[in-house]
Amino acid sequence: IKHPLQNEWTMWFFKQDSTRSWEESQIVVASFDTVEDFWALYNHIELASKLKTGCDYSLFKKGIKPMWEDTRNCAGGRWIINLSKNQRATELDNFWMEMLLLLIGEAFDQDSEEVCGAVVNVRAKGDKVGVWTRDAQNAAGILKIGDTLRRRLNIPHNIQIGYQAHTDSMVKAGSTAKNRYTV
Ligand SMILES: CN(C)c1nc(=O)c2c([nH]1)N([C@@H]1O[C@H](COP(=O)(O)OP(=O)(O)O)[C@@H](O)[C@H]1O)CN2C
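Remember, it's a predicted structure, so these values are computed and weren't measured experimentally.

Caption draft 1: Summary view of the environment of Glu8. Here Glu8 lies in strand β1 (residues 4-14). The class of Glu8 is partly exposed, set by a relative accessible area of 32%. Linking Glu8 and Gly141, residues 133 residues apart in sequence, is a C-alpha distance of 22 Å. In this structure, Glu8 is in contact with Ser31, Phe32, Asp33, Lys61 and Lys62, ignoring residues within four places of it in sequence.

Structure, rendered in structure tokens:
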């Protein structure tokens, strides 16, 4: 018997294809709802650190698309952890795996309902790992999720993590939006 997860999750892969739109470049890899099927998928795909720059992985609750416009995302935002360039070789893959385990393990207790998914952006200017939540106005829930991230990912205190509302990110394409919250 396989060990069921509380939610079903879908892993997405993004690679900008000049002949297709941004949305059409988001590809579903697989969905899973057991621990065993998570590991089968995780062990089957490339590590984030091995992806070409410009690529993303996203893990979202089944049915939620990894984009601002999805009705479950549009009023929300994301905690963003910015990594330095040299952290790709040493920390990116562990960070991303730990993030995946926090999500599928419902590590945010009663705030797990707020969580929509997580994204890892592999970028030349520095990789990013983020957790998307559904309501940018829910300060209490967002701050608790941020504290859990800092604690469970052992984020050193000299690295600040900020929460940006998607409505701010949408209009600030290219540059980073302002932080609504920081922990
Ligand atoms: C439905 N739709 C078009 C749409 N819906 C979206 O949800 C969405 C986008 N477009 N994104 C586009 O990617 C660019 C890079 O953002 P980046 O987060 O990859 O980060 P970088 O600037 O490459 O570091 C963004 O500027 C935006 O153009 C990003 N994004 C999340």
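Caption draft 2: The arrangement of the nonpolar core in detail. Of all hydrophobic cores here, the largest spans 44 residues; its most connected members are Trp96, Met99 and Leu149. Sequence-distant contacts of Trp96, that is, excluding residues within four places in its chain, are made with Ala48, Tyr57, Leu59, Ala118, Val119, Val120 and Val129. With 6 residues, the next largest nonpolar core counts Phe60, Ile64, Cys116 and Trp132 among its residues.

Caption draft 3: Quick peek at the pairing of strand β3 (residues 56-61). Burial within β3 is extensive, with 6 of its 6 residues counted as buried. Judged from the 6 bridges that link them, β1 and β3 form a sheet pairing that is antiparallel. Paired with Trp12 across the bridge in β3 is Ser58.

Caption draft 4: Quick peek at the site of the ligand. Neighbouring residues of the ligand: 8 residues in total, closest Trp68, Glu69, Arg123, Lys125 and Lys128. Here Trp68 contributes a backbone N or O atom positioned 2.7 Å from an oxygen atom of the ligand. Residue Arg123 places a side-chain N or O atom 2.7 Å away from an oxygen atom belonging to the ligand. The class makeup of the residues in the shell around the ligand is 4 nonpolar, no polar and 4 charged.

Criteria and thresholds
- Residues numbered from 1 in each chain as written.
- Predicted model: local features only at pLDDT ≥ 70, side-chain atom pairs only at ≥ 80, totals over all residues.
- Heavy atoms only, no water.
- Helix = DSSP H or I, 4+ residues; strand = E, 2+ residues; numbered from the N terminus.
- Buried < 20%, exposed > 50% of the residue type's maximum accessible area, 1.4 Å probe, protein only.
- Contact = heavy atoms within 4.5 Å.
- Core = buried A, V, L, I, M, F, W, Y, C linked by side-chain atoms within 4.5 Å.
- Pairing = 2+ DSSP bridges.
- Near = heavy atom within 4 Å.
- Polar contact = N/O pair within 3.5 Å; in protein donor to acceptor, adjacent residues only side chain to side chain.
- Nonpolar A, V, L, I, M, F, W, Y, C, P; charged D, E, K, R; others polar.

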